Amino acid sequence: MAAKSMRKQVSEILANQIPVDQEQWQKAKEDKKRIDVLNLDAWFDKTLRYLLERNFSQPPQDKDIIELFDIQGGPLSSLSNKAKLAYAFGLIDKTTCEDLKRAHKIRNKFAHGLEIDFTNSEVVDEVQKWYRKKDKKTKVTEDNCYQVYLDAMVECLTNVLKAYNKSVKGRRKAK
């Protein structure tokens, strides 16, 4: 009970400190597509961290390893940097690395802009670049942008899971 009241107090303080259109904020919090983008990014971030930690020679509890992932300036605090290192280790291929970086760029648009959605021209353009890179001829529009994004995420998810499973099997053989 105390935690809820403290959380409410913090929310009220922040609401008074940072001018935000409350209607827009409420709409953003209830936007399923925005939530999907943020959750997918968080899942990829957590999975790549785990994948990288499994391939370090030091345990994940090591202070220096923990600092690598520190959100306040650690070199592996962002999904993009985790993807680059996973690629450098040969854990994921170049296409998956690029897809993860693009997904994170889209995530940042959603996380830092209340008015952003899949009809926003910046998001449509970003998804179109992604789609074009895969030699697709379909034009990404406001109407199909979310579905194209999800299709790309499923492909990326499949590749990351393959890398994860390969890493797990490799560890079992080494034991």
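The structure contained in this document is the topic of the report that follows.

Rules behind the numbers
Residues numbered from 1 in each chain as written. Predicted model: local features only at pLDDT ≥ 70, side-chain atom pairs only at ≥ 80, totals over all residues. Heavy atoms only, no water. Helix = DSSP H or I, 4+ residues; strand = E, 2+ residues; numbered from the N terminus. Buried < 20%, exposed > 50% of the residue type's maximum accessible area, 1.4 Å probe, protein only. Contact = heavy atoms within 4.5 Å. Areas by Shrake-Rupley, 256 points an atom, 1.4 Å probe, with all protein chains shown as cover. Expected span 1.5 Å × (residues − 1). Polar contact = N/O pair within 3.5 Å; in protein donor to acceptor, adjacent residues only side chain to side chain. Phe/Tyr/Trp six-rings, centres within 6.5 Å; stacked < 30°, edge-to-face > 60°. Salt bridge = Lys/Arg side-chain N within 4 Å of Asp/Glu carboxyl O. Core = buried A, V, L, I, M, F, W, Y, C linked by side-chain atoms within 4.5 Å. Axes fitted to C-alpha atoms, helices over the stretch in contact; angles between N-to-C directions. Parallel < 35°, antiparallel > 145°, perpendicular 65-115°, else oblique. Nonpolar A, V, L, I, M, F, W, Y, C, P; charged D, E, K, R; others polar.

**Notes on the overall build of the chain**
Stage number 1. Helix and strand counts for the chain come out as 8 helices and 0 strands.
Stage number 2. When the helices and strands of the chain are listed from N to C terminus, the series reads α-α-α-α-α-α-α-α.
Stage number 3. Burial status across the chain gives 34% buried among its 175 residues.
Stage number 4. Contacts spanning at least 24 positions in sequence make up 56% of the contacts within the chain whose residues lie at least 6 apart.
Stage number 5. Working note: accessible area of the chain is about 11500 Å², and carbon and sulfur atoms make up 53% of it.

**A closer look at helix H6 (residues 94-112)**
At 3.6 residues per turn, the α-helix brings residues three or four places apart onto the same side.
Stage number 1. Look at H6: 27 Å from first C-alpha to last across 19 residues, which is about the 27 Å you get at 1.5 Å a residue.
Stage number 2. Listing the buried residues of H6 in full gives Thr96, Cys97, Asp99, Leu100, Arg102, Ala103, His104, Ile106 and Phe110.
Stage number 3. You can read the cap of H6 off the contacts: a side-chain oxygen lies 3.3 Å from the backbone nitrogen of Thr95, and it is on Asp93.

**A word on the packing of aromatic side chains**
Stage number 1. By the definition in use, this model includes 7 aromatic pairs.
Stage number 2. Ring geometry for Phe118 and Tyr146: centres 5.1 Å apart, planes at 65°, overall edge-to-face. Here Phe118 is found in the loop between H6 and helix H7 (121-133), whereas its partner Tyr146 is found in helix H8 (residues 145-174), with 28 residues between them in sequence.
Stage number 3. Taking relative accessible area as the criterion, Phe118 reaches 4% and is therefore assigned buried.

**What about helix H3 (residues 32-55)?**
Stage number 1. Between its first and last C-alpha atoms H3 spans 35 Å; for 24 residues at 1.5 Å apiece the expected length is 34 Å, and the two agree.
Stage number 2. All buried positions along H3 are accounted for by Arg34, Asp36, Val37, Leu40, Asp41, Phe44, Thr47, Leu48, Leu51, Leu52, Glu53 and Arg54.
Stage number 3. At the N-terminal boundary of H3, the capping side chain belongs to Asp31, with an oxygen 3.1 Å from the backbone nitrogen of Lys33.

**Some remarks on the pattern of salt bridges**
Stage number 1. Inspection of the entire model under this criterion finds 11 salt bridges.
Stage number 2. Lys63 is the salt-bridge partner of Glu67, the closest N and O atoms lying 2.5 Å from each other. Here the residue Glu67 and the residue Lys63 both occupy positions in helix H4 (residues 63-68), the gap between them amounting to 4 residues, near one helical turn.
Stage number 3. In this structure Glu67 comes out as partly exposed when scored by relative accessible area, which is 39%.
Stage number 4. Exposure remark for Lys63: the relative accessible area of 56% places this residue in the exposed category.

**Here we look at the nonpolar core**
Stage number 1. Core analysis: the largest hydrophobic core is formed by 36 residues, its most contacted members being Phe44, Leu100, Phe118, Val127, Tyr149 and Met153.
Stage number 2. Broken down by secondary-structure element, the contributors of at least two residues to this core are H3, helix H5 (79-88), H6, H7 and H8.
Stage number 3. Residues within four places of Phe118 in sequence aside, it is in contact with Lys33, Val37, Phe110, Val123, Val124, Glu142, Cys145, Tyr146 and Tyr149.

**A word on the environment of Glu98**
Stage number 1. Here Glu98 lies in helix H6.
Stage number 2. For Glu98, a relative accessible area of 23% translates into the label partly exposed.

**Re the packing of H5 against H6**
Stage number 1. One way to put it is that H5 packs onto H6 with a least axis distance of 9 Å and a crossing angle of 175°. On the basis of their axis angle, the class for H5 and H6 is roughly antiparallel. Residues Leu79, Ser80, Ala83, Lys84 and Tyr87 of H5 form the contact with H6, whose own contacting residues are Lys94, Cys97, Leu100, Lys101 and His104.
Stage number 2. Counted by class, the contact of H5 with H6 contains 5 nonpolar, 2 polar and 3 charged residues.

**Brief notes about the side chain of Gln128**
Stage number 1. Within the fold, Gln128 resides in helix H7.
Stage number 2. When its relative accessible area of 7% is taken as the criterion, Gln128 is described as buried.
Stage number 3. In contact with Gln128, other than residues within four places in its own chain, are Thr138, Lys139 and Val140.

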